[in-house]
Amino acid sequence: MIEALDIHVTGIVQGVGFRPFVYRMAKKYLINGWVLNAADGVNIHAEGESRLLDEFVIELSENAPTAAQVKEIELKEVPLQDFDSFEIRFSDDAAVQETTLVSADLATCNDCAAELFNPNDRRFRYPFINCTNCGPRFTIIDALPYDRVSTSMKDFPMCKRCAAEYADPLDRRFHAQPDACFECGPHLSLAWRPDCEATPGENFPTRGAGDVASDALPDGWCITWGKTRETSDALIARAVELLGAGQVVAVKGLGGFHLVCDARNAGAIAQLREGKRRGGKPFAVMMANAEAARSVCEVTPEEEKALTDPARPIVLLKKRPGVALAAGLADKLPELGVMLPATPLQLLLLHDFARALEKMGVPEPPMLVMTSGNIHDEPIVTDDAEARGKLGGIACAVLGNNRAILSRYDDSVVRIISAGSAGAAVQVIRRARGFAPVPLKLAQASTNPEAAAAPEDAAAPEATGAAGHEGSPETAGHEAAAVAPVLFAAGSEQKSTFAFVRGSEAFVSQHVGDLENAEAFDAWLDAKSRFEKLFELRATRLACDAHPEYLASKWAREQARKLDIPLVEVQHHHAHIASVIGENGLSGAVCGIAFDGTGFGADGSIWGGEVLLANAQAYERFANFAYVPMPGGAACVKNPLRMAYGVLWEFDLLEHPAAKRVLDALGEQADLCDQMIERGLNTPMTSSVGRLFDAASAILGICEHPTYESEAAVLLEAAMGLAASPDGCSTDEAGVNSRYSVAITKNTATSKSTAQDTSVLLFDAAPTFKALLDDMQAGIPAATIARRFHGAFVEAIVNAAKLAYSVYGVFTVALSGGVFMNRFIIEHALAALQDEGFTVAVNRELPPNDGCISYGQAVIACAQDETTHDE
C-alpha cells in the first residue's frame, strides 16, 4: 500500500551531506517526493510502500552521514500527491541560509582514506582530499551560507571533474565545499632556512624538476611547492626524512600549525621543549590507530570510541605498565595524550614515517609528537609566514600550504572516567576542534530556590552528564532568532572561552587560552568578531566575571558603558555551578560544590573551596574551606613552597618536625613570608582547595618549582601510584580516616555579613595537614600520604552534600571547578555521593575548569533576565 509522510528532521543536518544522503536512501527504497532545507532542520515529503517507508525512516535515524547529528525525527501522515520521482529542492528563503548551522571540522572519513592510498584513484595521496562526510568546515568559513565562495576555497575554482561530482546528488562530494584535487585545489609547500639542516638533499626536487621550483622569500627562507603528486610526495618525503633525523617540523593542520617530532627521540623532544619554553608539561602524540595506541597505553572500548570519534580529540590514556617512553614526553604521569590522524596530510606523514622506520628495522609503531604550534602562552599560529617567523627558531622546516585558516582552533582533549552507576563517561578537558562551535542547548531551568527534590521523589541515583558530545544542536526557528535578544558572556581569564546566546542556543567558543598577554587577548577578540560575523550576532546585553582585573571583564564593562547596554557581573563559582545546571537542565536548588584554584569572592577574598546553595538565578554561600594566607599573592602559584608556608602558619604547624623541610627549602624566603603574613603585606586570603593541593605537594617535596599551571597538584595526584587499589582503598588505611579529616565548624557572622559573602559552615583542613606531617615524620611513603590526603577531600565533599540535605533538603549535587579535573577526586566523589543516595550532576560537553565559565555566566544572565521580565 502506497502511503505518504511528511518528515521533519532536526539536529546538525545542513552542510553535512544530509540532503544527498536522503536522496540516495530514497532511491534505494523506491521513495518519491522531495527533501528541502528548513529554518529548523530538514523537511522531507516521502511517498512509497509502507514497509519501505519504515526502512527509509530507520536509515535516516541510524545511518546518517558522519558529520550529521540527528536529534529528532517527526513523522506526520499526509495525503498522497502522486510524485513520480525524488528530488532535492533548493530553498531561496534567506532565513534558511541565515540560521543554517555548520558542522565542526571532521577527521578524514574511511572512504576518503581508502581513496588517499589507492594508486588507481585520481586523488591518490592528495593531501587535501575530503567529501561531505569529512574535512574542514568552520576553520575555512568566512561567511554564511556555507558556500564555496564564502570560504578560503574561493581561490580554487573546481576543475571539470570536481565540478561534476559537486553537482551530482548521488556522489559523495555533492555540495562538498572544500572539494578539490591536484589539478584545481590547494597544494603543499615546504619552507626552510638556507643555513638549516633542512636544506634539500640530492634526491630532493629543486628548480626545474617538474612543477617544483625553489624560490627565495623576503624573510630569507627558501620555499618549494608540490603542485603534482610526485612533487607533493617529495615534500612529504623530505619532512619524514627530517623527522627521522631528530628534527622538529612545523606542519599546518586544520585550525593551526602543529610542531612535530619523533616521539621516541629524547633529543628531539628536548629541543622542542626548550624552543616552546614548555617546561615539564606533557606532550600529546599521534599514532596510526587504536591498535598502535595499545602498544604503549591501555585502551578500553570507550576510549577507542573516543579516539576514533570524527572530532579526533586527544584522549588521555593510562600508560601500560613497564612501557618505556622517551624522556621528556610525559614524565612522572600515569597518562599519555594520544590522538589519531585527523587530516589527509597527517595520514600521509604517519604512513610514510612508518615505512621509513620499517626500512630502518625499527619494530615499534610510529609515534609523532603533535603539539600546538606556538610559543608558551601565545596563540596557536595559523599563517605560513607567521609560522616561519615565530616557529622558525624551533622547527627546521615548515610544511605549509596555500589554503588559508580563517578560524584558530587547538586540538580538543577528552578522557574517559568512571561515573559511578552511570558507567564510563567522557570528560571534556578542552573543547575545541571537532566539537566547537556546535551550539549547546540553553535549558530554561527553574529559578525557584524552594524547588529542591526530596529523596522520595527523586529518580534512582545516577551521575548526570559527563557522557559524550551530543548536546542539543537543532537550529532555532528564524522567527525566534529574529526577535530574541543576544547575550554575550565574556568568560574567564584562564582556559578562556566566550559564549553568545540567541534564543535557546548557546554558541560557546573554542578554547582560546589564557588571556595573560596582548596576543592572547587579540585572539579572543578575533574569535569573537568571527562569531559575530558568521552567525549575525550583535550583543544587546553582556555578562562577565566579577573579578575587577580580568581582561575580558574590563572589556565587557567598557562595552556596557560605551553602548549603554545591560551588564551582569557573575561570581566565578556560581558560574561554575550554573554551567552544570544549564547543561543538565536542572530545576530547583542544588548543592553546588565548586573547588578550583582562583576565583574572585563576594567578600573580596580569593575563593576556591565553595559549597553553594544555588539555582540558575542566585546562590547562597553555605560552606567554604577556612581561609589561609597567600604570602606574595600570585607568587604562591609559581612557588608552592610559599603556599605551604602560609598553610602551615595558619594551621600553627610551623613547629612540627616535618615542617623543617619546607623551611629549609624556602631559606631566607621563610622570614619574608612570615613578615608579609604578620603585616598583611601582599598577602590575600584564600579558601582555594587547589592551593591546598599545591601546598601538600610542596610539603611532600613532590613539586616545589612548577613549570606549568597546576603541575604541583597534577604531580600530587600522580604520586599516588599503586597506593590506590582498584576499589579506591589503600590496604593500610585502618585507623587513618579519623586523622585525615576535614573539621567542620560554625562560621562567625557580623552585622555586615550577607548570604553571598559569609557561609554558614567552615571546613578546616588543619587536621588533614597535621596527619600529613605526622605520616612524613613516621616515614610513611609519599604515595600513601598522597592517597590519604585525596581521600580526606572526597570525604569532605560527601559531608558537604549531607549537611546541605539535612539543612535544606537539597538532594541534587552539582560538581564543577578545576579540582574536578583530578581523576581520583571526580571518580571517587561520584561513587561516594551515589552510594549515599544523591543525584549527582557534572559538566557534560564543557570541561569543569574555567572553559565552562562563559556558559555558566550566560545561564545566570538569562535566568535573571527571565525573572526580571516575569516581574
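What you see is a predicted model, and the numbers here were worked out from it, not measured in a lab.

Strand order in this open sheet of 6 strands is β19-β23-β22-β21-β24-β25, and the pairing throughout is mixed. The outermost strands of the open sheet, each flanked by one partner alone, are β19 (440-441) and β25 (567-570). Direction of pairing for strand β21 (residues 486-489) relative to strand β22 (residues 499-502): antiparallel, over a ladder of 4 bridges. Paired with Ala489 across the two strands is Ala499, which belongs to β22. Taken strand by strand, helix α13 (residues 518-534) contacts β21, β22 and β23 (505-508), and its axis lies near 20 degrees from that of β22. In the packing of helix α14 (residues 551-563) onto the sheet, the strands contacted are β21, β24 (541-545) and β25, and the crossing angle to β24 comes to about 150 degrees.

Across the chain, the average pLDDT comes to 89, with 89% of residues at 70 or higher. The low-confidence segment residues 722-732 (pLDDT under 50) makes 14 contacts with residues lying over four places distant or belonging to another chain.

Turning next to the packing of helix α20 (residues 689-699) against helix α21 (residues 711-718). For the pair α20 and α21, interaxial distance at closest approach is 8 Å and the crossing angle is 65 degrees. Here α20 is positioned roughly perpendicular relative to α21, judged by the angle of their axes. For the pair α20 and α21, the crossing hand works out as left-handed. Only Ala712, Ala713 and Leu716 of α21 make contact with α20, whose side of the interface consists of Phe693, Asp694, Ala696 and Ser697. Tallied by class, the residues present in the contact of α20 with α21 amount to 5 nonpolar, 1 polar and 1 charged.

This part takes up the environment of Leu515. Mapping Leu515 onto the fold places it in the loop between β23 and α13. Residues contacting Leu515, with those up to four places away along its chain left out, are Ser492, Glu493, Ser496, Ala520, Phe521, Trp524, Leu551 and Ala552.

This part covers the pattern of salt bridges. Going through the model one piece at a time under the given rule, you end up with 44 salt bridges. Salt-bridge contacts for Arg415 lead to Glu335; the nearest nitrogen and oxygen are separated by 3.8 Å. Here Arg415 is found in strand β17 (residues 413-418), whereas its partner Glu335 is found in strand β14 (residues 335-339), with 80 residues between them in sequence. With respect to burial, Arg415 and Glu335 carry one shared label: buried. Sharing partners across several salt bridges, the network here consists of Glu115, Arg122, Arg123, Glu165, Arg172, Arg173 and Asp179.

Looking now at the pairing of strand β5 (residues 86-89). On a regular strand, one side chain projects to one face of the sheet and the next to the other, so that they alternate. Of the two faces of β5, only one is covered, namely that formed by Phe86 and Ile88; the face formed by Glu87 and Arg89 stays uncovered. The pairing of strand β2 (residues 32-38) with β5 spans 4 bridges and is classified as parallel. Looking at β5, one finds that Gly33 is bridged to Phe86.

This next bit is on the packing of aromatic side chains. In this structure the tally under the stated criterion is 30 aromatic pairs. Relative to Phe531, the ring of Phe498 has its centre 5.2 Å away and its plane inclined at 80 degrees; by these criteria the two rings are edge-to-face. Of this pair, Phe498 sits in the loop between β21 and β22 while Phe531 sits in helix α13; the two residues are 33 residues apart in sequence, bridging distant segments of the chain. As far as the burial class goes, Phe498 and Phe531 line up, both buried. Between the aromatic rings of Phe625 and Phe763, the centroid separation amounts to 5.7 Å while the plane-to-plane angle is 65 degrees, which identifies the pairing as edge-to-face. Of this pair, Phe625 sits in strand β28 (residues 619-625) while Phe763 is found in strand β32 (residues 761-764), placing the two residues 138 residues apart along the sequence. For Phe625, a relative accessible area of 1% gives the class buried. When its relative accessible area of 2% is taken as the criterion, Phe763 is described as buried. Each member of the aromatic cluster is reached from another via a ring pair, and the members are Phe138, Tyr409, Phe488, Phe498, Phe500, Phe507, Phe521, Trp524, Phe531, Phe535 and Trp555.

For the bond from Ala436 to Pro437, the omega torsion is 10 degrees, close enough to zero to count as cis. With a phi angle near 65 degrees, Arg125 is a residue other than glycine that sits in the positive phi range. With respect to the element layout, Arg125 can be found in the loop between α4 (110-116) and α5 (160-167). Given the relative accessible area of 8%, Arg125 is considered buried.

This part is about the sheet that holds strand β3 (residues 41-49). Across the sheet, 5 strands lie side by side as β4-β1-β3-β2-β5; this open sheet has mixed pairing. Among the strands making up the open sheet, the edge pair consists of β4 (69-77) and β5. For this sheet, the mean inter-axis angle between neighbouring strands, taken without regard to orientation, is 20 degrees. In the sheet, strand β1 (residues 2-12) pairs with β3 via 8 bridges, with the strands oriented antiparallel. By the bridge assignment, Leu5 is partnered in β3 with Ala46.

Considering soluble globular proteins, one finds that nonpolar side chains tend to be buried as a cluster. Core analysis: the biggest nonpolar cluster contains 80 residues, and Ile593, Phe625, Phe769 and Leu815 have the highest contact counts within it. Considering every element that reaches this core, the biggest residue donor is helix α23 (residues 782-808), with 12 residues. Of all hydrophobic cores here, the second largest spans 78 residues; its members include Leu116, Tyr126, Cys159 and Met286.

Reading the values: rules and limits
Per-chain numbering applies: the sequence of each chain, read as written, is numbered from 1 onward. Under the rules for a predicted model, residues below a pLDDT of 70 receive no local features and side-chain atom pairs below 80 are neither given nor counted, while totals for whole chains, interfaces and linings still include all residues. To get the side-chain values, take all heavy atoms of the structure and skip hydrogens and water. Only when DSSP finds a minimum of two bridges between them are two strands counted as paired. Secondary structure elements follow DSSP: runs of H or I of four or more residues count as helices, runs of E of two or more count as strands, with numbering from the N terminus. A contact between two residues is defined here by any heavy atoms of the two lying within 4.5 Å. The axes are straight lines fitted to the C-alpha atoms, using for helices just the contacting stretch, and the angles between their N-to-C directions are given from 0 to 180°. Scored between 0 and 100, pLDDT is the confidence that the predictor attaches to each residue. Note on angle classes: values under 35 degrees are labelled roughly parallel, values over 145 roughly antiparallel, values of 65 to 115 roughly perpendicular, and the remainder oblique. Crossings are classed by handedness, with left-handed meaning an anticlockwise turn of the near helix from the far one by less than a right angle and right-handed meaning a clockwise turn. The classification used treats Ala, Val, Leu, Ile, Met, Phe, Trp, Tyr, Cys and Pro as nonpolar, Asp, Glu, Lys and Arg as charged, and all other residues, Gly among them, as polar. Any carboxyl oxygen of Asp or Glu that lies within 4 Å of a side-chain nitrogen of Lys or Arg is treated as forming a salt bridge with it. Summary of the burial criterion: residues with accessible area below 20% of their type's maximum are buried, those above 50% are exposed, and those between are partly exposed, where the area comes from a 1.4 Å probe applied to protein chains only. Any Phe, Tyr or Trp ring, taking Trp's six-membered ring, that has another such ring centre within 6.5 Å forms a pair; planes under 30 degrees apart are called stacked, those over 60 apart edge-to-face, and the others tilted. Throughout, nonpolar core names a set of buried Ala, Val, Leu, Ile, Met, Phe, Trp, Tyr and Cys residues whose side chains join them through atoms within 4.5 Å.

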